[in-house]
Amino acid sequence: MEFFWYGVLGLFFAGYLALAGYDYGAGLLLRAAGRDGLTALGPYFLGNEVWLVAAVGVLFGAFPRLEGELISSLYPAILAGLVAAVGVAAAVGALSQEVRASVSRPLPALLGLAALVGVLLAARVALGRGRPGVAFAATAAAMALPVLLVGAALYPNALVSTVDPAATLPVAGAAADPATLRLLSWLAIPLLPALLGFQAMLWWAFRGRLDARTPVFW
Amino acid sequence: MDPLPLARLQFATTASIHFLFVILTLGLVTLLAYLQTAYMITKKPVYQRLTRFWGTLYVINYALGIASGVVMEFQFGLNWSGLSRYVGNVFGAPLAIETLVAFFLESTFLGMWIFGWHRLRQGVHLALLWGVAITAYASAYWIMVANAWLHNPVGFEQRDGVARLTDFGALLTNPTLVMAFGHVVAAAWMTGGLVMAGVSSWHFIRRTREVELFRTSLRLGLVTGMVGVTFVMGFGFAQFGAVGATQPTKFGDDAAKAAAVADFTARFGPGDYLPPQWSQVPLGFMILIAFTLAWGVFLIPLFVRDWIIRLRLPLYLMLLAVPFPFLAAIFGWLAREVGRQPWAAYGLLRTADAVTPVGGGTMLASFLGFAALLGALAIADWVLLARAAHRGPDVALGRPPAPPAAEPRTPEPVLA
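Residues numbered from 1 in each chain as written. Chains lettered and ligands numbered in written order. Predicted model: local features only at pLDDT ≥ 70, side-chain atom pairs only at ≥ 80, totals over all residues. Heavy atoms only, no water.

1. Considering the nonpolar core
Stage number 1. Grouped together as the largest cluster of nonpolar side chains are 180 residues, with contacts concentrated most on Trp5, Phe12 and Phe63 of chain A together with Trp54, Phe91 and Trp149 of chain B.
Stage number 2. In contact with Trp54 of chain B, other than residues within four places in its own chain, are Leu28, Leu32, Leu35, Val195, Met196, Val199, Ser200 and Ser217 of chain B.
Stage number 3. Core analysis: the second largest hydrophobic core is formed by five residues, Phe264, Tyr273, Trp343 and Tyr346 of chain B among them. (Core = buried A, V, L, I, M, F, W, Y, C linked by side-chain atoms within 4.5 Å. Buried < 20%, exposed > 50% of the residue type's maximum accessible area, 1.4 Å probe, protein only. Contact = heavy atoms within 4.5 Å.)

Have a look at this one:
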């Protein structure tokens, strides 16, 4: 049960990193890509941002102890991140610090890092060969992979303390009471396909290319 | 420096500003669903133009409000880690449900609605707006489930000092929930309606030519506002009974207060278990505002022969009324939340035990940073709303696509 919810948590964080990554990337490249970049992003913007809200919601509901420990112990980092972009990338920065501090299972971490380098190289090659779609998929994977990387490397722990081994928080210990998880599972199992389905519908409905008729919003 | 008052001040600031966005969103989405449905049924273009105009204001408010919600959500973990540690098993569940069931869907639907004008079929497009409205209400409901639980913890047992969920149904039928949820929804109708009436009045004061359009929204806004004001008072006064029974230190009589204090002292040791003296002052102001706004019902008969517009004084009154529902909302939350102090979860977890043990300096930086950020968001929201409202109904949202430009004609060679 905890594993299922840990997976759900990872799914939402990975989705947030990949999808909001487009938003932040388009924002950073505003000068280079111009307003067309933002216009293309328009319909998805709200849908992308909510992945973070959902991820923190799952964190609170299914892993309340992890939520309390993680967010409050990284107070300044999360504060800076939140203020800087109201909630962007704060959790990412926090998680990446944990990885450097202690990796309990080096093999998956190394495999993951290799995969990360691999997809980034693939993105570069695909772009060079004029295949922007493949390059896009590869960079999206690069954004999502760190979540899998951190999750797999620390498993079965969720939060590793380098100062005091007794303070290390395993996934099972971080999870909410079984009664709470059961309740949430009853709700999530029918709902998750619907959530992902509506997101897919969003992407499908606006799959067309930009043209002069595309509503501009920025 | 003591981090506790700073953390409380920060929560009050964040929650108040967040709620200013929330009531307008919830009120306007209700009116939008009505307007677009009316267009679907009657096919009158005025309803489509109204949907597009008020939809623009709604979207501005939503887009800026989303950031305040993210700060709200992170704040529990940042400043109140005791909540997740001791009561997270119970309190976290409705919050998680809210993000998954309601908010996630709401934003997905809204993105499709904004950009789906003239691209999606009309029925699908209207269904999306209804989806946004329903999930917005669901969102408010689950947040109030979580809030009501802090006011009256039910459906749990304590093992190893941690609250564990035993009866989720009890959370849904919490006596402090039902009337409070009705109160919040009615406050949203009141706010959405009075904002609509006020903006329409502004255009009549400036002698707009869009008489049919703004007459429709003025009437709709005023009627909705008055329905809202009626129910907000009904649900408001109905809460006194439930809250008096569950929180004797807030609304109980002297005997009940003394009994509660004795019980708390026995369980948690000596301390000050009564809320600050001033905590019911905002309640008085809130009730005063509601009684004053309720006089607006006498403007409704002036719809006859457009006297409400021709007399002009009612227009100024309705414009003047716009800020008051927002003020009343903040007063209401102050009375509800300060009135339950010193408890974070009433009778279960003290506010002082729920706060994250960080230094005062960090907390001060956090408070100043977020207060500046959210204050700037709120001001940006009002400036953008005022500008869009002033500009009037020719908005970009949902503008019918221009016919494709004709092929550029190659100039005829003249001397061939």
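2. What to know about the pattern of salt bridges
Pairing is possible between side chains that carry opposite charge, provided their charged atoms lie close to one another.
All names here are of chain B.
Stage number 1. Applying the stated criterion across every chain yields a total of nine salt bridges over all chains.
Stage number 2. Across the pair Arg219 and Asp306 runs a salt bridge whose closest N-O atoms are separated by 3.3 Å. In this pair, Arg219 sits in helix α7 (residues 211-246) while Asp306 sits in the loop between α10 (281-294) and α11 (307-310), placing the two residues 87 residues apart along the sequence.
Stage number 3. Taking relative accessible area as the criterion, Arg219 reaches 31% and is therefore assigned partly exposed.
Stage number 4. Close ionic contact of Asp263 with Arg267 constitutes a salt bridge, the shortest N to O distance being 3.0 Å. A residue pair is termed a helical-turn pair when its members lie 3 or 4 positions apart in one helix, as Asp263 and Arg267 do in helix α9 (residues 254-268) at four residues.
Stage number 5. A relative accessible area of 34% means that Asp263 is categorised as partly exposed.
Stage number 6. Salt bridges here are not isolated pairs; linked through shared partners, they connect Arg215, Arg219 and Asp306. (Salt bridge = Lys/Arg side-chain N within 4 Å of Asp/Glu carboxyl O. Helix = DSSP H or I, 4+ residues; strand = E, 2+ residues; numbered from the N terminus.)

3. Describing the pairing of strand β1 (residues 156-159) of chain B
Residues and elements named next belong to chain B.
Stage number 1. Here β1 pairs with strand β2 (residues 162-165) via four bridges, running antiparallel. Bridge assignment links Gln158 to a residue of β2, and that residue is Ala163.
Stage number 2. Between β1 and β2, which pair antiparallel in sequence order, lie two residues; one of them, Asp160, sits at a positive phi of approximately 55 degrees. (Pairing = 2+ DSSP bridges.)

4. Concerning the interface of chain A and chain B
Stage number 1. At the interface, 48 residues of chain A touch 59 residues of chain B.
Stage number 2. Interface area for chain A against chain B, summed over the two sides, is near 4,900 Å², with a carbon-plus-sulfur share of 80%.
Stage number 3. For the pair chain A and chain B, the interface holds zero salt bridges.
Stage number 4. The tally of links between chain A and chain B comes to two residue pairs in polar contact (both at pLDDT 80 or more).
Stage number 5. Of all the secondary structure elements, the ones that give two or more residues to the side of chain A that touches chain B are α1 (2-28), α4 (45-62), α5 (64-73), α6 (75-85) and α11 (178-205) of chain A. (Buried area = accessible area lost by both parts, 1.4 Å probe. Polar contact = N/O pair within 3.5 Å; in protein donor to acceptor, adjacent residues only side chain to side chain.)

5. Thoughts on the packing of aromatic side chains
The geometry of an aromatic ring pair is captured by two quantities: the separation of the ring centres and the angle between the planes.
Residue and element names in this part refer to chain B.
Stage number 1. As enumerated under the stated definition, the model contains 31 aromatic pairs over all chains in all.
Stage number 2. Centroid distance Phe76 to Phe91: 5.5 Å. Interplanar angle 80 degrees. Geometry classified as edge-to-face. Separated by 15 residues along the polypeptide, Phe76 in helix α2 (residues 45-79) and Phe91 in helix α3 (residues 81-115) bring together distant segments of the chain. The exposure classification of Phe76 matches that of Phe91, with both residues buried.
Stage number 3. For the pair Phe240 and Phe251, a centre-to-centre distance of 4.8 Å together with 45 degrees between the ring planes defines the contact as tilted. Linking Phe240 in helix α7 with Phe251 in helix α8 (residues 248-251), this pair joins segments that are eleven residues apart in sequence.
Stage number 4. With relative accessibility at 30%, the residue Phe240 sits in the partly exposed group.
Stage number 5. Judged by relative accessible area, Phe251 falls into the partly exposed class, the value being 27%.
Stage number 6. Taken together, the ring pairs in this structure connect Phe264, Phe268, Tyr273, Trp343 and Tyr346 into an aromatic cluster.
Stage number 7. Stacked on the ring of Phe251, the Lys or Arg Lys250 has its end atom at 5.9 Å from the ring centre.
Stage number 8. The positively charged end of Arg310 is found above the aromatic ring belonging to Trp307, 4.4 Å away from the centroid. (Phe/Tyr/Trp six-rings, centres within 6.5 Å; stacked < 30°, edge-to-face > 60°. Lys NZ or Arg CZ within 6 Å of the ring centre and 35° of its normal.)

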